[in-house]
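Below are the chains, spelled out letter by letter.
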Amino acid sequence: MEKRRGKSVGIAALILLTAIGAAGCANKEDGGEARTAPSQSSAAASGQASPSGPPASAVQSDGQSSGLRKVKDARGETEIPAEPRRIVDISGATEELLLLGFKPIGTANQDSLKPGEIPAYLQEYLADAHIVGNYARGEANLEQIAALTPDLIVSSAMFDQTYEQLSKIAPVYVIEDDPLSFAGWRNRLVQLGRALGEEEKAAEWQKGYDDKAKAVGERIRAAAGEDDFAVVVAFPNNLSVFSGTGLGDMLYGDLGLPRSPGIPAEGWGETISLEGLTKIDADRIFLQYAQGTEEELAGSVVWQNLKAVSGGHVYRLPNEEYYGMSFSPIGKERLLDVIAELVAPAP
């Protein structure tokens, strides 16, 4: 297995990497399906009808694509199929491809807490996809990729050392931004939309997401008043507050909710001690926790005396189910409904 780790990653990325195991190798029959896309989930939590998303399905073909188009990627100008039918994604942009109507036959998107498995919320779209690596670790199984006979490989700078080998298998498109920039899904969606001729779908989906996030933010503010929020992330031997990444990016950026004083306004957030939470002492806390860590927190006098805890305003999101969802578009869009119901349940 070819492997290259990024030269440097932020602490938020390192927290995620501690939860990611080595890449698994799926052993499933390849259905050869070319294009499909999830529609945006019900916006019942926001009180609005769901915005229209990409089509639920598109023409399927078992053959190779015909015709090429010149596009610009991170390495300059390149040629890719005009209508790719068999995409392998090792860049981490599998969700963005799905939203544009392309169903990868191979992916390096693994469940961060269940190595070798497709994230549960994506299984309905990727049931036939093969896991061919781990994008966050810069791992890709070249033999598996070649065996899938792709007509396009979507890659990233994490795989620069294997670019020549990949390009002998199929044309390679390299996304322009850091694959470990977890807040970069918007740029990736726009880049891929432009490269694949689906710019309208990219813009349409982003608008639908932003409209829904705005409605959810308004609903929460109506219930919470002027209260501020903190995102506390608990893994064994690691406690953090998130600001510009994951759920923090959603709350403060997408929903426009107030950040608790003491939480960094810039960057991903920070690691913190339990005692350090007293300096933040948010009115309301979203707690993302690994198994066993919630009990440890609950047994602490410091935790019990926090304003949000004593006031009954702690919203619990088990990492196993929700952690990975907060870093990419399909997961974020679904998480909006969960967040809304936790803070402002529908009557």
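Residues numbered from 1 in each chain as written. Predicted model: local features only at pLDDT ≥ 70, side-chain atom pairs only at ≥ 80, totals over all residues. Heavy atoms only, no water.

**Student:** Is there a simple way to think about the side chain of glutamine 206 in this case?
**Tutor:** Examined against the element boundaries, glutamine 206 turns out to sit in helix α6 (residues 199-224). Apart from the residues within four sequence positions on either side, glutamine 206 is in contact with Trp185, Arg186, Leu189 and Val190. (Helix = DSSP H or I, 4+ residues; strand = E, 2+ residues; numbered from the N terminus. Contact = heavy atoms within 4.5 Å.)

**Student:** Even after reading the chapter, I still don't get the environment of alanine 82, so can you show me in this structure?
**Tutor:** The residue alanine 82 is located in the loop between β3 (76-81) and β4 (87-89) in this model. Between the C-alpha atoms of alanine 82 and glycine 67, which are 15 residues apart in sequence, the distance is 5.5 Å.

**Student:** Can you help me understand the sheet that holds strand β5 (residues 106-107) in this one?
**Tutor:** Two orientations exist for strands paired in a sheet by backbone hydrogen bonds: parallel and antiparallel. Pairing in this open sheet of 5 strands is parallel, and the strands run β6-β5-β4-β9-β10 from one edge to the other. Sheet topology places β6 (130-131) and β10 (172-174) at the edges, where each strand pairs with a single neighbour. Of the pairings in the sheet, the one linking strand β9 (residues 152-155) to β10 comprises 3 bridges and is parallel in character. The partner of isoleucine 153 across the bridge, within β10, is valine 172. (Pairing = 2+ DSSP bridges.)

**Student:** What is the right way to read the packing of helix α7 (residues 246-254) against helix α13 (residues 329-343) from this model?
**Tutor:** Packed helices, taken two at a time, are described by the angle between their axes plus the distance between the axes. Packing of α7 against α13 leaves a shortest axis separation of 12 Å and a crossing angle of 70 degrees. Classified by the interaxial angle, the pair formed by α7 and α13 is roughly perpendicular. Here the hand of the crossing between α7 and α13 comes out right-handed. In contact with Gly246, Leu247, Asp249, Met250 and Leu251 of α7, α13 contributes Lys332, Leu335, Leu336 and Ile339. In the contact of α7 with α13, the residues fall into 6 nonpolar, 1 polar and 2 charged. (Axes fitted to C-alpha atoms, helices over the stretch in contact; angles between N-to-C directions. Parallel < 35°, antiparallel > 145°, perpendicular 65-115°, else oblique. Left-handed = near helix turned anticlockwise from the far one by under 90°. Nonpolar A, V, L, I, M, F, W, Y, C, P; charged D, E, K, R; others polar.)

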